[in-house]
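# Coordinate inspection notes
Residues per chain, in single letters:
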Amino acid sequence: MLVKREFNHELRIIPKSELRGEIGSDIYFGGMVDETSAGLNPARYLAGLALAAQRAGACLCDHTRVTSVGRERNNKFRMETSKGAITAREIILASGAYTTDATPALRKKIIPIGSYIMATEVLPSDLARELSPRNRMIYDSKHFLYYYRLTPDNRMLFGGRAAFFPETENTVRQSAEILRRGMIGVYPQLGDTKIEFVWGGTLDFTLDVMPHAGKIGDMYFAAGFAGHGVAAATWFGAKLAGLVCGDPNDIPFDGIPFRGAPLGLRSGHTWALPLAGAWYRILDWLT
Ligand SMILES: Cc1cc2nc3c(=O)[nH]c(=O)nc-3n(C[C@H](O)[C@H](O)[C@H](O)COP(=O)(O)OP(=O)(O)OC[C@H]3O[C@@H](n4cnc5c(N)ncnc54)[C@H](O)[C@@H]3O)c2cc1C
């Protein structure tokens, strides 16, 4: 297998007959087991990163929106924010799907797509063990994928690209129902289980569904982490910090053409998203 040869990373293909022993369900044609991957609590991870940055001397300004970026006479960047202006020698754009018109060159490259997740009530431990006998982090390979796992307190945490549009009260409500149906499709045993939490966020898709990094309008940026997630975003963050500090540029993604998002799918103008959603549903149905 390519990943074994190139990265010495072991993956194991399993037939449908062994699926239930891995994920407590056999609705899929088969699976691939990655023994060396793991899960994390993203809120705790974020808090840990913030603390580490603060300890290293960073000044963190939460609830502060950058509203415009310009240049001063001395060529430094000047950012207007909701709490006043600041100047900077370098800027790293890490605003993901939430990129605004403060940085229009990046905004028009991003396709913002909602992703939603819900948590059931706490499950009896024998049911939890039946659903996920090996306590795996599980995801499928559809465009409208599901990703799920047990939480440490034995809730089923079940997420997916449900409502497609960025999160609002409405899309969160719709997604709860879509995800509940999806979850029962995988685990009919959860038909009467209560859903206690639902929430969502927006992912930064790019046209080629790959991360991109480098410079845009003289500012460093990294974007396109939809489907690549927390591990990739953190890796790119460290790389960009290195570049600002004068490290050589060894980011393999820099220089890959970064095409703009088609009109109608761009952040802020997403009227064509339902068409794209319908197209991917057809692909999922066909494959
Ligand atoms: C429901 C859901 C489930 C997910 N599950 C997984 C998973 O299982 N595994 C995984 O790896 N990934 C998962 N992800 C994806 C993961 O959360 C993202 O890939 C990751 O958060 C991207 O990190 P980021 O720092 O690039 O962007 P973000 O976390 O989106 O952060 C961007 C930040 O920029 C800020 N910002 C934007 N514009 C401005 C401005 N003008 N001024 C000031 N601040 C601004 C935003 O407020 C935001 O805080 C999931 C996402 C969702 C929504």
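The structure we're discussing is the one just above.
Figured I'd write up the structure that's included with this text. (Residues numbered from 1 in each chain as written. Predicted model: local features only at pLDDT ≥ 70, side-chain atom pairs only at ≥ 80, totals over all residues. Heavy atoms only, no water.)

### Some remarks on the pattern of salt bridges
To be explicit about the condition: Every case where a carboxyl oxygen of Asp or Glu lies within 4 Å of a side-chain nitrogen of Lys or Arg is listed as a salt bridge. The helix count covers DSSP runs of H or I at least four residues long, the strand count covers runs of E at least two residues long, and both are numbered beginning at the N terminus. Burial classification: accessible surface area is computed with a 1.4 Å probe over protein chains only, and a residue below 20% of its type maximum counts as buried, one above 50% as exposed, and the rest as partly exposed.
By the definition in use, this model includes 19 salt bridges. Taking the shortest distance from any N to any O, the salt bridge between D218 and R71 comes out at 3.0 Å. Linking D218 in the loop between strand 12 (212–216) and strand 13 (219–223) with R71 in strand 3 (residues 66–71), this pair joins segments that are 147 residues apart in sequence. With relative accessibility at 45%, the residue D218 sits in the partly exposed group.

### A closer look at a nonpolar patch on the surface
To be explicit about the condition: Patch membership is restricted to residues that have no salt bridge and whose relative accessible area is over 30%. Joining uses 9 Å for like charges and 5 Å for the nonpolar side chains Val, Leu, Ile, Met, Phe, Trp and Tyr. Per-residue and other accessible areas were derived by the Shrake-Rupley procedure at a 1.4 Å probe size, with only the shown protein chains allowed to occlude residues.
Residues W279, Y280, I282, W285 and L286 make up a contiguous nonpolar surface patch of about 630 Å² in total accessible area. Among the secondary structure elements, I282 is positioned in helix 8 (residues 273–286).

### Observations regarding the site of the ligand
Applied cut-off: By convention in these notes, a residue is near a molecule or strand provided one of its non-hydrogen atoms lies within 4 Å of it. Whenever a nitrogen or oxygen atom comes within 3.5 Å of another N or O atom, the pair is scored as a polar contact, on the condition that within protein one atom can donate a hydrogen and the other can accept it, and that pairs from neighbouring residues in sequence are kept only if both atoms are in side chains. Just so you know the grouping, Ala, Val, Leu, Ile, Met, Phe, Trp, Tyr, Cys and Pro go in nonpolar, Asp, Glu, Lys and Arg go in charged, and all remaining residues, Gly too, go in polar.
The immediate surroundings of the ligand are formed by 17 residues, with V66, S95, Y147, G229 and V230 found nearest. One of the backbone nitrogen or oxygen atoms of V230 is found 2.8 Å away from an oxygen atom of the ligand. Across the complex, the protein chains shield 60% of the 1000 Å² of accessible surface that the ligand would expose by itself. The set of elements that each furnish at least two residues to the shell around the ligand consists of strand 7 (111–120), strand 11 (195–205) and helix 7 (229–244). Looking at the shell around the ligand, its residues break down into 10 nonpolar, six polar and one charged.

### Looking at the nonpolar core
Selection criterion: Remark: nonpolar core denotes a set of buried residues (Ala, Val, Leu, Ile, Met, Phe, Trp, Tyr, Cys) joined through side-chain atoms within 4.5 Å. Pairs of residues are marked as contacts when any of their non-hydrogen atoms sit within 4.5 Å.
Counting residues in hydrophobic clusters, the biggest one holds 25 residues, and the most contacted among them are L123, Y148, M156, F158, Y187 and L190. Looking at this core, the elements that each hand over two or more residues are helix 2 (16–23), strand 7, helix 5 (125–131), strand 9 (146–150), strand 10 (156–160) and helix 6 (169–186). Ranked by residues supplied to this core, first place goes to helix 6 with four residues. Every residue in contact with Y187, bar those within four places of it in the chain, is listed here: I23, G24, S25, L131, I138, Y148 and M156.

### Section: helix 6
The line we're drawing: Between the first and last residue of a helix there are one fewer steps than residues, each counted as 1.5 Å, and that sum is the expected span. What the arc measures is the spread of directions leading from the helix axis to the C-beta atoms.
Its 18 residues place the ends of helix 6 26 Å apart at the C-alpha level, agreeing with the 26 Å of an ideal helix rising 1.5 Å per residue. Taken residue by residue, helix 6 has T171, V172, S175, A176, L179, G182, M183 and V186 as its buried positions. The arc that holds the buried residues of helix 6, viewed along the axis, is 145°, so those residues lie on one side. Facing away from the buried side of helix 6, by more than 90 degrees, are the exposed residues R173 and R181. Against the buried residues of helix 6 lie strand 7, strand 9, strand 10 and strand 11.

### Considerations on the sheet that holds strand 5 (residues 84–88)
Put simply, the rule reads: For two strands to be treated as a pair, DSSP must find at least two bridges joining them. Fitting a line to C-alpha atoms yields each axis, with helices limited to the stretch in contact; the angle taken between N-to-C directions then spans 0 to 180 degrees.
Sheet architecture is open: three strands sit in the order 3-4-5, paired in antiparallel fashion. Here the strands that pair on one side only, and so sit at the sheet edges, are strand 3 and strand 5. Neighbouring strand axes in the sheet, compared pairwise and without regard to direction, differ in orientation by 20° on average. Bridge count for strand 4 (residues 77–81) against strand 5 is five bridges, and the pairing is antiparallel. Of the residues in strand 5, the one forming a bridge with M79 is I86.

### Here's the deal with the environment of E121
Relative to the helices and strands, E121 is located in the loop between strand 7 and helix 5. Separated by 165 residues in sequence, E121 and L286 have C-alpha atoms that sit 34 Å apart. Here K194 takes part through its backbone nitrogen, which lies 2.7 Å from a polar atom of the side chain of E121.

### Regarding the pairing of strand 7
Most of strand 7 sits inside the fold, with 10 of its 10 residues counted as buried. By the alternation rule, side chains of strand 7 split into I111, I113, S115, I117 and A119 and P112, G114, Y116, M118 and T120, which are all buried. Sheet analysis places strand 7 next to strand 11, joined by 10 bridges and oriented antiparallel. If you follow M118 over to strand 11, its bridge partner there is V198. Looking at chain direction, strand 7 and strand 10 are connected through four bridges and run antiparallel.

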